[in-house]
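Structure at a glance
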Amino acid sequence: MRYLSIRREIEGSLPTVAELLRQKGEHDALRAMSQADIEIDEVGYDNWNGGTELWTVFLRVPVSVFVWIEDSRNEIAGIISKNLELVTGKDNGYWVSAEISPMRAAPPGRRLPDGKISERTRAAILDEMRARETAWHGALDEIAFLSRIFDLTSLPSYDSRFQNAEQDIWQHCINNFDWSQDWVYSDPRFRLYAADQDTFLKFICEILHPIVRKDDAEQDALARAFNGHLRADGWELVEDAIIDGRPAYVPQRKVHALGGSVQRIKAVAATLNSDTLYEDLRRLERIGDSEPGEAIALAKEIVESCCKLILDDRKVAYPEKAEIPELLKLLRREIKIMPDGIDENAKGANEIRGILTSLGNIAHSLAPLRNAYGKGHGRGRDFKGLQPRHARLAIGAASTFVDFVLDRHLSQVAAETAES
């Protein structure tokens, strides 16, 4: 349980660290954080001060970024580590540092994650439980556990004396105990090696459920092991709720193409202290670019939320149902778009205003496509829906817009504070 608690603390600190780096002008460090695939793990233990756990934030950056910062990567990692310490504190029983390495390219012939849990990954997870001799049903009996996922009364019995799977399992697992511990993995009624993906993910999440898995250490170890195997297919199990002091898990597809944009908007959410914006980001992280229509809708909401939050900070009233174009007009009147020391009417100011407006309007303009080309309506066999590239366009534009307007807002507030 402590492992998960510390991991949550470090993960929750990252948006604030990114914002610190941006405010301090540590552009290379911010670039590394914004574009990295980030993993957090415990790497050791030190006896100092009664015992201190050692944690590392692994930043795996694209090769193009790594080459750019290679000569100074240790210095950059040190800057990130220092700011991690500022946010997480010193006297909490653990130390955390950052490490930068190049993102590994997929080996020749190996596919990129496409959102499908492969048979190889399924086999690895089931073999992991065999090797650990895990009682998959945990504190429940086999019938109680499987009934959380399957309708046992509708599945056949393989014993001629019984009418359905529930009676069959009762006889051989509860009454007689004559089936092996791992019988369910290969039982053709449940098809865990080839069942639909949602069923398989539900099965392994139930194995970790606090009602099923009563031992904290075993739950932690299994969650880490499952995620180690799922990572190759672009999936992970994440905490969804706390039950009786321990986490329940849900599956989540890891964000790749949208990762940098999401990290930047997270920094905004941390700065503006917005739970609503964080909730939108959590939804975006869950779907990634696998559901372009939903991602575009979230991009629109993120731009609207950012505009309203800044206007609220500046005590500027706006209509309750104001759309992005109207919010942009109000925002342009409030925010100085030109760099400090340059007149707001200087050459190029109109062009910057036009670009800023266009960025904000991309999400607004793409939103109607969700209704025309998204899911939720009957479509013919030749129908072509929105693609991941549309989601990347919307989220990328929203990220750039939010990053720009927040920077100008905070710079202006800081200048006004200094003058007063």
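Report follows, based on the coordinates. (Residues numbered from 1 in each chain as written. Predicted model: local features only at pLDDT ≥ 70, side-chain atom pairs only at ≥ 80, totals over all residues. Heavy atoms only, no water.)

A look at unusual backbone geometry
One non-glycine residue, Asp244, lies in positive phi territory at about 55°. Topologically, Asp244 is positioned in the loop between β4 (235-243) and β5 (246-253). You can call Asp244 exposed: its relative accessible area is 69%. A positive phi is found at Lys315, a non-glycine position, where the angle reads about 60°. Note that Lys315 resides in the loop between α13 (292-313) and α14 (324-334). (Helix = DSSP H or I, 4+ residues; strand = E, 2+ residues; numbered from the N terminus. Buried < 20%, exposed > 50% of the residue type's maximum accessible area, 1.4 Å probe, protein only.)

Some details on the packing of helix α9 (residues 197-208) against helix α10 (residues 216-230)
Where α9 contacts α10, the two axes come as close as 9 Å, and the packing angle between them is 155°. Between α9 and α10, the interaxial angle falls into the category roughly antiparallel. Two secondary-structure elements touch here, α9 through Leu201, Ile204, Ile207 and Leu208 and α10 through Gln219, Leu222, Ala223, Phe226 and Leu230. Across the contact of α9 with α10, the residue classes tally to eight nonpolar, one polar and no charged. (Axes fitted to C-alpha atoms, helices over the stretch in contact; angles between N-to-C directions. Parallel < 35°, antiparallel > 145°, perpendicular 65-115°, else oblique. Contact = heavy atoms within 4.5 Å. Nonpolar A, V, L, I, M, F, W, Y, C, P; charged D, E, K, R; others polar.)

Considerations on the sheet that holds strand β3 (residues 94-102)
Strand order in this open sheet of three strands is β1-β2-β3, and the pairing throughout is mixed. One side of each edge strand has no neighbouring strand; the edge strands of this open sheet are β1 (37-46) and β3. Each neighbouring strand pair of the sheet contributes to a mean axis angle of 25°, computed without reference to strand direction. Relative to β3, strand β2 (residues 52-61) runs parallel, the two sharing nine bridges. In the sheet register, Arg60 faces β3, and the bridge partner there is Ser101. (Pairing = 2+ DSSP bridges.)

Description of the environment of Ser72
In this fold, Ser72 is placed in the loop between α3 (63-69) and α4 (73-88). A residue is classified by how much of its surface remains accessible, and Ser72, at 23% relative accessible area, is partly exposed. Once the C-alpha coordinates of Ser72 and Asp28 are considered, the two residues, 44 residues apart in sequence, prove to be 9.3 Å apart.

Things to note about the packing of aromatic side chains
Across all of its chains, the model carries seven aromatic pairs by this definition. Ring geometry for Phe145 and Phe203: centres 5.7 Å apart, planes at 90°, overall edge-to-face. Within this pair, whereas Phe145 is found in helix α6 (residues 142-146), its partner Phe203 is found in helix α9, the two being separated by 58 residues in sequence. With respect to class, Phe145 is no different from Phe203; both count as buried. Among the aromatic residues, those joined into a ring-pair cluster are Trp136, Phe145, Phe150, Trp179, Trp183, Phe190 and Phe203. Over the face of the ring belonging to Tyr158 we find Arg189, whose NZ or CZ atom lies 4.1 Å from the ring centre. (Phe/Tyr/Trp six-rings, centres within 6.5 Å; stacked < 30°, edge-to-face > 60°. Lys NZ or Arg CZ within 6 Å of the ring centre and 35° of its normal.)

Focus: the pattern of salt bridges
Any two side chains of opposite charge can pair, given that their charged atoms come close. Taken as a whole and assessed by the stated rule, the structure comprises 16 salt bridges. A salt bridge links Glu206 to Arg148, with the nearest nitrogen and oxygen atoms 2.6 Å apart. Placement of Glu206 in helix α9 and of Arg148 in the loop between α6 and α7 (165-175) is noted, with a sequence separation of 58 residues between them. Glu334 is paired through a salt bridge with Arg314; the nearest N and O atoms lie 3.8 Å apart. (Salt bridge = Lys/Arg side-chain N within 4 Å of Asp/Glu carboxyl O.)

Focus on the state of the cysteines
If you walk through the whole model with that rule in mind, you get zero disulfides. You can see Cys307 has no disulfide; the closest cysteine sulfur is in Cys306, sitting 5.9 Å from it. Looking at Cys307, the relative accessible area reads 0%, which means it is buried. (Disulfide = S-S within 2.5 Å.)

Let's talk about the nonpolar core
Core analysis: the biggest nonpolar cluster contains 35 residues, and Leu146, Ile169, Phe190, Phe203, Ile204 and Phe226 have the highest contact counts within it. Elements represented by at least two residues in this core include exactly α5 (119-132), α6, α7, α8 (183-186), α9, α10 and β4. No other element matches α9, which puts seven residues into this core. In this structure, Ile204 is in contact with Ile125, Phe226, Leu230 and Leu237, ignoring residues within four places of it in sequence. Ranked by size, the runner-up nonpolar core spans 28 residues in total, among them Ala32, Leu59, Val65 and Ala77. (Core = buried A, V, L, I, M, F, W, Y, C linked by side-chain atoms within 4.5 Å.)

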